[in-house]
Amino acid sequence: LATPVLAAASVAVGMYVVVVLVRALVRRRHGAAVLLTGLLVFAASVLNDVLLQQRAVPTSLLPWGVLAFVLAPAALLAQRFARALTGEELRTLEQRGRADLLVRATQAGVLDWNCAAGTTEYSDRYLDMLGLAWGTGEPPPFFELVHPDDRERVRSSFMAQLRDRRVRSGLRRGEPADYRMLRADGEVIWVHAEAIAVCDAEGKTLRYVCTFIDITHLKAIEAQLATERERLHLLVRSTKAGFGDWDAVRDEVTYTERFKEMLGWPADCDTRQWPSIFEMMHPDDREQARAQFREMIRRKPYSGE
């Protein structure tokens, strides 16, 4: 009794699978034709062997049917795996292209240290910043390129990042830093460096990528502004003049010590709660000063003429 029941159940399941595959084929689902073909070949081989057994013919096609039934989903999985692999390769190439465009746009040099493999790669911009020619051999070790006065600070920061195991199976960002580096021609440049590390499950660094942006011109401007600021401070002290500096963006006013003393306040007093400069003027002069101020801010920026 069990054998007919199992046979009937197998036929029912097989028919259900065929109906599902036919519907998928009508809807043009990928792989439906392959699976349906394998199933039909298997069914035909089983039917053939049943008929042959009734005629007492020893030839069997069942092994070939089983092979077709097994190879159909295997071929389908192989196709999907190949497409997935191709898609992943395309995404990788696209990401590399975007990263390369980003590096070019920001004019950043990149140092990529693969800790596991023990290899280091350098971008063209990194070599160009340091006056090193591409393809002329391995560049000098990184810390030899750091200015001697900044070398120990940079080395200590780098070692502290490697010892940091708080991030596991993720990305760890290092603290940005500004320091000097030595070009091949002996010239000193300032760089702004930012690093990111790929960490394993134990927090160890697997890969360390650092970007460098040449900020030499910004440091020169900072030095020039510091010099001008010192000159202005000396000028203020020598002329005994009081000054008020209004930041229009943040709407904040800063007063010099001499200005506070002129109004009878201590040099270190807090002026954040002071009224506006116009409120501190005499009422007879207030409106004229307001009109002069409005006229001044409506003028075009100073052209230097």
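The structure this text deals with has already been given above.
What counts and how
- Residues numbered from 1 in each chain as written.
- Predicted model: local features only at pLDDT ≥ 70, side-chain atom pairs only at ≥ 80, totals over all residues.
- Heavy atoms only, no water.
- Helix = DSSP H or I, 4+ residues; strand = E, 2+ residues; numbered from the N terminus.
- Expected span 1.5 Å × (residues − 1).
- Buried < 20%, exposed > 50% of the residue type's maximum accessible area, 1.4 Å probe, protein only.
- Arc of directions from axis to C-beta.
- Contact = heavy atoms within 4.5 Å.
- Pairing = 2+ DSSP bridges.
- Salt bridge = Lys/Arg side-chain N within 4 Å of Asp/Glu carboxyl O.
- Core = buried A, V, L, I, M, F, W, Y, C linked by side-chain atoms within 4.5 Å.
- Patch = residues over 30% accessible without salt bridge, like charges linked within 9 Å, V, L, I, M, F, W, Y side chains within 5 Å.
- Areas by Shrake-Rupley, 256 points an atom, 1.4 Å probe, with all protein chains shown as cover.
- Phe/Tyr/Trp six-rings, centres within 6.5 Å; stacked < 30°, edge-to-face > 60°.
- Lys NZ or Arg CZ within 6 Å of the ring centre and 35° of its normal.

**What about helix 6 (residues 148-163)?**
The end-to-end C-alpha distance of helix 6, which contains 16 residues, comes to 23 Å, matching closely the 22 Å that a straight helix rising 1.5 Å per residue would cover. Along helix 6, the residues classified as buried are Asp-150, Val-154, Phe-158, Gln-161 and Leu-162. The arc enclosing the buried residues of helix 6, seen along the axis, measures out at 105 degrees, which places them on a common side. More than 90 degrees from the buried face of helix 6, the exposed residues found are Glu-152 and Arg-163. Buried positions along helix 6 lie against strand 1 (108-114), helix 5 (142-145), strand 3 (171-173), strand 4 (177-182), strand 5 (188-199) and strand 6 (205-214).

**Some thoughts on the pairing of strand 4**
For a regular strand, side chains alternate in direction, first toward one face of the sheet and then toward the other. When strand 4 meets strand 5, the two strands line up antiparallel, connected through six bridges. Paired with Tyr-179 across the bridge in strand 5 is Val-191. Remark: five residues form the turn of the hairpin made by strand 4 and strand 5, two consecutive strands paired antiparallel; Gly-186 in that turn has positive phi of roughly 90 degrees.

**As for the side chain of Asp-164**
Looking at the secondary structure, you find Asp-164 in the loop between helix 6 and strand 3. In this structure Asp-164 touches Arg-172 and Gly-203, once residues within four positions along its chain are discounted.

**As for the pattern of salt bridges**
Scanning all chains against the criterion turns up 11 salt bridges. We note a salt bridge from Arg-166 to Asp-164, for which the minimum N-O separation is 2.9 Å. Owing to a relative accessible area of 73%, Arg-166 belongs among the exposed residues under this scheme. With relative accessibility at 17%, the residue Asp-164 sits in the buried group.

**Regarding the nonpolar core**
Formed by 23 residues in total, the largest nonpolar core has its most connected members in Tyr-126, Phe-142, Tyr-179, Met-181, Val-191 and Phe-212. Among the secondary structure elements, those contributing two or more residues to this core are helix 4 (124-129), helix 5, helix 6, strand 4, strand 5 and strand 6. The element contributing the most residues to this core is strand 5, with five residues. Those residues in contact with Tyr-179, other than ones at most four positions away along the chain, are Phe-142, Val-146, Asp-150, Arg-153, Val-154, Ile-189, Trp-190, Val-191, Ala-193 and Phe-212.

**Notes on a nonpolar patch on the surface**
A cluster of nonpolar side chains, Met-262, Leu-263, Trp-265, Ile-277 and Met-280, forms an exposed patch at the surface whose accessible area comes to about 460 Å². Here Trp-265 shows up in the loop between helix 8 (257-262) and helix 9 (283-298).

**Here we look at the packing of aromatic side chains**
This structure, assessed with the given rule, holds eight aromatic pairs. On the basis of an interplanar angle of 45 degrees and a centroid distance of 6.1 Å, the ring pair of Trp-113 and Phe-158 is categorised as tilted. Residue Trp-113 is located in strand 1, and its partner Phe-158 is located in helix 6; the two are separated by 45 residues in the primary sequence. Judged by its relative accessible area of 16%, Phe-158 falls in the buried class. Ring plane angle 50 degrees and centroid distance 5.4 Å describe the contact between Tyr-126 and Phe-212, whose orientation is recorded as tilted. Of this pair, Tyr-126 sits in helix 4 while Phe-212 sits in strand 6, and the two are 86 residues apart along the sequence. Each member of the pair Tyr-126 and Phe-212 is classed as buried. Ring-pair connections join several aromatic residues into one group, and the members of that group are Trp-113, Tyr-122, Tyr-126, Phe-142, Phe-143, Phe-158, Tyr-208 and Phe-212. The residue whose ring lies beneath Lys-219 is Trp-190, and the NZ or CZ to ring-centre distance is 4.7 Å.

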